Amino acid sequence: MSWEILNIKSNFDSRGCLSSVEGGQDIPFEIKRIFYMHHVTEDRGGHAHIDTDQLIIPISGFFRVKLFDGKHTEIFDMHDCTKGLYVPRLVFTDLYDFTQDAVCLVLSSTHYDMSKSLRSMDAYMCFLKNIKD
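Residues numbered from 1 in each chain as written. Predicted model: local features only at pLDDT ≥ 70, side-chain atom pairs only at ≥ 80, totals over all residues. Heavy atoms only, no water.

*Asks:* So, the overall build of the protein chain: which residues are in play, and what are the values?
*Replies:* Each helix and strand in the protein chain was counted, giving 1 helix and 12 strands. Along the protein chain, from the amino end to the carboxyl end, the secondary structure elements read β-β-β-β-β-β-β-β-β-β-β-β-α. Viewed in the frame of its principal axes, the protein chain has a C-alpha envelope of about 55 × 35 × 25 Å. Buried residues in the protein chain amount to 36% of all 133 residues. Taking all contacts inside the protein chain whose residues are at least 6 apart in sequence as the whole, residues at least 24 apart take part in 77%. Roughly 8,000 Å² of accessible area belongs to the protein chain as shown, and the carbon and sulfur atoms make up 51% of that amount. Side chains of the protein chain give 14 positive and 19 negative charges; the mean places of these two sets differ by 4 Å. (Helix = DSSP H or I, 4+ residues; strand = E, 2+ residues; numbered from the N terminus. Buried < 20%, exposed > 50% of the residue type's maximum accessible area, 1.4 Å probe, protein only. Contact = heavy atoms within 4.5 Å. Areas by Shrake-Rupley, 256 points an atom, 1.4 Å probe, with all protein chains shown as cover. Lys, Arg positive; Asp, Glu negative; His and termini not counted. Charge placed at Lys NZ, Arg CZ, Asp CG, Glu CD.)

See below:
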C-alpha cells in the first residue's frame, strides 16, 4: 500500500469537534507508539523506517511532508487536523516549513528502535537496491 491522505472520523456539534483514530480499524495498523513534535525550530525526519508504518496528523499550525519511495516524490501541505497522512514503511520522509504554532502528532505501528531506520538518502537507496536484488 502506498501513502495516502486518510479522513479522520470527526463528529461536529454545538460544542465543537471530537476526532478519533482507532488502530486496525481507521488505519491499517495497530498503534504501538504515539509521539508529537511542537516548538519545532529545524526540519525533522530525514529518514525511512524499515518496519514501521505511521499516520502523521497536523494538530495545529502548518507544516509540509515530502515523501519519496525510491522512484516517486510527493509533497503534502499539512494543516487540517481531520486529515492524516498514512506513511507506510520504507518511505523516506522529510518534514519542514513548520509554523511557530505547529503541532505534529504521529501514530506508529512499532516501538521506537533507531537501528531499524535508514538515516540518510544514501543508506535508503542502498537498502532498496539490496532488497530488490
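Picking up where we left off.
*Asks:* Residue-level account of the sheet that holds strand E6 (residues 54-60), with values.
*Replies:* Pairing is antiparallel across the open sheet formed by 5 strands, whose spatial order is E1-E9-E6-E11-E4. Unpaired on one side and paired on the other, strand E1 (4-7) and strand E4 (33-38) mark the two borders of the sheet. The average undirected angle you get between the axes of adjacent strands in this sheet is 25°. (Pairing = 2+ DSSP bridges. Axes fitted to C-alpha atoms, helices over the stretch in contact; angles between N-to-C directions.)

*Asks:* Let's hear about the sheet that holds strand E5 (residues 44-49): which residues, and what values?
*Replies:* The strand order across the open sheet formed by 5 strands is E8-E7-E10-E5-E12, and the pairing between neighbours is antiparallel. In the strand order of this sheet, the two ends are held by strand E8 (73-78) and strand E12 (117-118), each with one partner. Two strands pair when backbone bridges link them, and strand E7 (residues 63-68) and strand E10 (residues 92-96) are joined in this way by 5 bridges, in the antiparallel orientation. What sits directly across from lysine 66, in E10, is aspartate 94.

*Asks:* Residues and numbers for the state of the cysteines, please.
*Replies:* As enumerated under the stated definition, the model contains 0 disulfides in all. A disulfide-free cysteine, cysteine 81 has its sulfur positioned 6.5 Å from the sulfur of cysteine 17, the nearest such atom. The structure places no disulfide on cysteine 104, whose sulfur is separated from the nearest cysteine sulfur, that of cysteine 81, by 13 Å. For cysteine 104, a relative accessible area of 0% translates into the label buried. (Disulfide = S-S within 2.5 Å.)

*Asks:* Give a description of the packing of aromatic side chains that names residues and reports values.
*Replies:* Tallied over the entire structure, the rule returns 4 aromatic pairs. Judged by centre distance (5.1 Å) and plane angle (20°), the rings of phenylalanine 63 and phenylalanine 98 are stacked. Within this pair, whereas phenylalanine 63 is found in strand E7, its partner phenylalanine 98 is found in the loop between E10 and strand E11 (103-108), the two being separated by 35 residues in sequence. Each member of the pair phenylalanine 63 and phenylalanine 98 is classed as buried. Taken together, the aromatic side chains of Phe68, Phe92 and Tyr124 make up a single cluster linked through ring pairs. (Phe/Tyr/Trp six-rings, centres within 6.5 Å; stacked < 30°, edge-to-face > 60°.)

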